Amino acid sequence: MPQLINYGKEMLRVSPKGIEYSTNGGRSWMTRYSGSSCGTFIDLLPYGNELLAVTSKGIYYSTSEGRMWMSRYTGSSCGEFRSLTDGGRELLANTSKGLYFSTSVGRSWMKRS
């Protein structure tokens, strides 16, 4: 299921093409990012001044409203990431191996008991 978020004055969504944006409430969509180096996008989360993404290759971040992406975490010890949630003082990740949390903006993860 595509992920859809409000991001400033735009709406962003995950699509089979990558990341798309709308400036008119979702009536029309344009491609924001269509590269394949990040893998397939699964989930998006605004976090501070960054946009975080769960992809098939791990956690990526953008400081350019989703125009360019950089790798934040691509380790395999947590399993496959499925979604991210802003837990206030930590990031929470639902993965194929359970619930993980990060207090380092997603650079490292620990399993939640």
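A short tour of the structure in this document, coming up. (Residues numbered from 1 in each chain as written. Predicted model: local features only at pLDDT ≥ 70, side-chain atom pairs only at ≥ 80, totals over all residues. Heavy atoms only, no water.)

Concerning the side chain of serine 62
Tracing the backbone through its elements, the reader meets serine 62 in strand E7 (residues 58–62). With a relative accessible area of 0%, serine 62 lands in the buried category. At 2.9 Å, the side chain of serine 62 forms a polar contact with the backbone nitrogen of glycine 66. Looking at serine 62, its side chain comes within polar contact range of the main-chain oxygen of methionine 68, at 2.9 Å. Contacts of serine 62, omitting those with residues within four sequence positions, involve Asn49, Glu50, Leu51, Arg67, Met68, Trp69 and Met70. (Helix = DSSP H or I, 4+ residues; strand = E, 2+ residues; numbered from the N terminus. Buried < 20%, exposed > 50% of the residue type's maximum accessible area, 1.4 Å probe, protein only. Polar contact = N/O pair within 3.5 Å; in protein donor to acceptor, adjacent residues only side chain to side chain. Contact = heavy atoms within 4.5 Å.)

Comments concerning the sheet that holds strand E1 (residues 4–7)
Spatially, four strands are ordered E1-E2-E3-E4 in an open sheet, and the strand pairing comes out antiparallel. Taken across any chain shown, the strands that pair with only one partner, and hence form the sheet edges, are E1 and strand E4 (30–33). Direction aside, the axes of adjacent strands within the sheet are offset by 35 degrees on average. Sheet topology note: the strand E2 (residues 10–15)/strand E3 (residues 18–22) ladder contains five bridges and is antiparallel. Pairing of valine 14 across the sheet is with isoleucine 19, part of E3. (Pairing = 2+ DSSP bridges. Axes fitted to C-alpha atoms, helices over the stretch in contact; angles between N-to-C directions.)

A closer look at the sheet that holds strand E12 (residues 110–111)
Taken in spatial order, the four strands of this open sheet run E9-E10-E11-E12, and their pairing is antiparallel. Here the strands that pair on one side only, and so sit at the sheet edges, are strand E9 (81–86) and E12. Where strand E10 (residues 91–95) and strand E11 (residues 98–102) come together, five bridges link them in antiparallel fashion. Pairing of leucine 92 across the sheet is with phenylalanine 101, part of E11.

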